[in-house]
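Here is what each chain is made of, one letter per residue.
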Amino acid sequence: MEYQTIGISREGPVAVLTLNRPEALNAMNSAMARDLRQSLESLSKDDSVRCLVITGSGKGFCAGADIREMAGLSSTEVARAGSLLSIWETVGKYPKPIVAALSGFALGGGLELAMCCDIIIAAQGTKLGQPEINIGIIPGGGGTQRLTRAVGRYKAMEMILTGSTITAEEAASAGLVSRVVPAAQHLQEAMKVAQTIASKAPMAVRLAKQAVSSAEDGTLSDGLRHEKQLFLLLFSSKDKDEGMKAFLEKRPPVFTGE
Ligand code: DAK
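Owing to the predicted nature of the structure, the values given are computational and were not obtained by experimental measurement.

**Things to note about a nonpolar patch on the surface**
Then comes step 1: Among the surface-exposed residues, Ile133, Ile138, Met157 and Leu161 lie close enough to one another that they form a single nonpolar patch of about 370 Å² accessible area.
Then comes step 2: Among the structural elements, Leu161 can be located in helix H7 (residues 153-162).
Then comes step 3: Relative accessible area serves as the criterion here: at 55%, Leu161 is assigned to the exposed category.

**Some details on the side chain of Ser214**
Then comes step 1: As for its placement among the helices and strands, Ser214 is situated in helix H10 (residues 202-217).
Then comes step 2: On the basis of relative accessibility, which here comes to 13%, the residue Ser214 falls in the buried class.
Then comes step 3: Among the polar contacts made by the side chain of Ser214, one reaches the side chain of His226 at a distance of 3.1 Å.
Then comes step 4: With residues near it in sequence (within four places) discarded, Ser214 still touches Gly223 and His226.

**Focus on the pattern of salt bridges**
Then comes step 1: Here the structure, examined in full by the defined rule, presents 14 salt bridges.
Then comes step 2: Taking the shortest distance from any N to any O, the salt bridge between Glu89 and Lys93 comes out at 3.2 Å.
Then comes step 3: Assessed through its relative accessible area of 46%, Glu89 is described here as partly exposed.
Then comes step 4: By relative accessible area, Lys93 is classed as exposed at 64%.

**Some details on the layout of surface pockets**
Then comes step 1: Roughly 890 Å³ of volume is contained in the largest pocket.
Then comes step 2: As for the largest pocket, its lining consists of 29 residues, and the residues nearest its centre are Met115, Cys117, Arg146, Ser213 and Glu216.
Then comes step 3: Elements supplying a minimum of two residues to the lining of the largest pocket: helix H4 (82-92), helix H5 (109-116), strand E6 (119-123), helix H6 (143-151) and H10.
Then comes step 4: Broken down by element, the lining of the largest pocket gets its largest block of residues, eight residues, from H10.
Then comes step 5: In this structure, the second largest pocket occupies an estimated 510 Å³ of space.
Then comes step 6: Along its surface, the second largest pocket is lined by 23 residues, and Ala65, Met70, Glu132, Ile137 and Gly140 are the ones closest to its centre.
Then comes step 7: Residue assignment for the lining of the second largest pocket shows that the elements contributing at least two residues are helix H2 (67-70), H4 and H5.

**Observations concerning the sheet that holds strand E9 (residues 179-181)**
Then comes step 1: Within the open sheet, the six strands sit side by side as E1-E2-E3-E4-E6-E9. Their pairing is mixed. Both outer strands of the open sheet, strand E1 (6-11) and E9, are each paired with one neighbouring strand and no more. With direction set aside, neighbouring strand axes in the sheet form an average angle of 20 degrees.
Then comes step 2: Where strand E3 (residues 51-56) lies against strand E4 (residues 98-102), four bridges are found, and the strand directions are parallel. Looking at E4, one finds that Ile54 is bridged to Ala100.
Then comes step 3: Sheet strands touched by helix H9 (residues 186-198): E1, strand E2 (14-19), E3, E4, E6 and E9. Its angle to E3, the strand with the most contacts, is close to 170 degrees.

**Focus: the environment of Ile121**
Then comes step 1: For Ile121, the position within the fold is in strand E6.
Then comes step 2: Each C-alpha atom of the pair Ile121 and Tyr94 lies 18 Å from the other, and the pair is 27 residues apart in sequence.
Then comes step 3: In contact with Ile121, not counting residues within four places along its chain, are Val99, Ala100, Ala101, Leu102, Arg179, Val181, His186, Glu189, Ala190 and Val193.

**What about the sheet that holds strand E7 (residues 127-129)?**
Then comes step 1: As summarised here, the arrangement of the three strands in space is E5-E7-E8, forming an open sheet in which the pairing is mixed. Looking along the sheet, the strands with just one partner apiece sit at the ends: strand E5 (105-107) and strand E8 (166-167).
Then comes step 2: Two strands pair when backbone bridges link them, and E5 and E7 are joined in this way by three bridges, in the parallel orientation. Bridging from a neighbouring strand, Phe105 pairs with Lys127 of E7.
Then comes step 3: The strands touched by H5 are E5 and E7; relative to E5, the strand with the most contacts, the crossing angle is about 90 degrees.

**Quick word on helix H12 (residues 238-248)**
Then comes step 1: Among all positions of H12, only Asp239, Glu242 and Ala246 are buried. Buried positions in H12, seen along its axis, are confined to an arc of 60 degrees and lie on one side of it. What points out from H12, more than 90 degrees from its buried face, is the exposed set Phe247 and Leu248.
Then comes step 2: Lining the buried residues of H12 we find H10.
Then comes step 3: Looking one or two residues past H12, Lys250 carries a phi angle of roughly 55 degrees, positive in sign.

Calculation rules
- Residues numbered from 1 in each chain as written.
- Predicted model: local features only at pLDDT ≥ 70, side-chain atom pairs only at ≥ 80, totals over all residues.
- Heavy atoms only, no water.
- Patch = residues over 30% accessible without salt bridge, like charges linked within 9 Å, V, L, I, M, F, W, Y side chains within 5 Å.
- Areas by Shrake-Rupley, 256 points an atom, 1.4 Å probe, with all protein chains shown as cover.
- Salt bridge = Lys/Arg side-chain N within 4 Å of Asp/Glu carboxyl O.
- Helix = DSSP H or I, 4+ residues; strand = E, 2+ residues; numbered from the N terminus.
- Buried < 20%, exposed > 50% of the residue type's maximum accessible area, 1.4 Å probe, protein only.
- Polar contact = N/O pair within 3.5 Å; in protein donor to acceptor, adjacent residues only side chain to side chain.
- Contact = heavy atoms within 4.5 Å.
- 1 Å grid on protein atoms, 1.4 Å probe; cavity = no way out; pocket = protein on both sides within 12 Å on 5 of 7 lines; lining within 4 Å.
- Points joined across faces, edges and corners; volume = space filled by probe spheres on them.
- Pairing = 2+ DSSP bridges.
- Axes fitted to C-alpha atoms, helices over the stretch in contact; angles between N-to-C directions.
- Arc of directions from axis to C-beta.

Pasting the structure below:
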């Protein structure tokens, strides 16, 4: 299927979604949110897709929600803007792993989108921030919660209350990005990580993502209980038999997803 605001390509088991409104620094408007949501839904049903990469075309990842579109909206209209409202939730709850490949700008809703992904690779020179305060609003796509969990209260408060940006290197040392790579190599590096993930046992990948995600949701004891259940579940998978057998036989495993 063709979308107007995003591009989709495949490299074997990895699907790449490219935010594609470079004339507006890939600002997320409702058409893009709808395209992204529909493409994510259809990729979630395709078993041959094991991992996704989200990146941006042109000068950067995403400069946030589209201010031109939001400027005239009332709170009731924003609350009714279905796709825009749910895109961060859709990505945040996505069952397959998603790697965000950042360059240029990851601001506002763009940074919130990256924080909904599982791994964030940023090119040197990327600027990250929650500048909503500069236009009289606050983060609404999860930024106050996810940023605080990622970097702690004090760094998050500084970013959100001042609206100032931080560099990719500062973000990496604060734990906000997984890794900083040389300029223009973000997509290539994200693809390498995604291909590595895609080569692992699919059910183990899926449950590992679930288990790590639950560390953010509840108490430590709930999380440990959940991890134990998922861990035991994998002992009834064929891929566990294959993975361990392959190790003992000193050969690469052949995973089937069962
Ligand atoms: N929206 C619309 N257009 C944008 C844009 C944005 N967020 N960011 C950039 N553009 C457009 C610019 O207007 C300009 O278009 P033309 O004037 O050429 O037509 C073009 O992209 C290039 O931008 P600049 O000329 O400004 O480029 P510079 O390199 O000088 O500056 C910049 C780059 C990223 C520093 C600057 O463009 C900038 O400050 N942009 C705004 C960043 C921002 O404030 N982002 C936060 C937006 S608020 C929701 C959940 C979440 C949200 C909303 C709803 N719900 C649950 C409903 C999220 C809200 C936000 O993200």
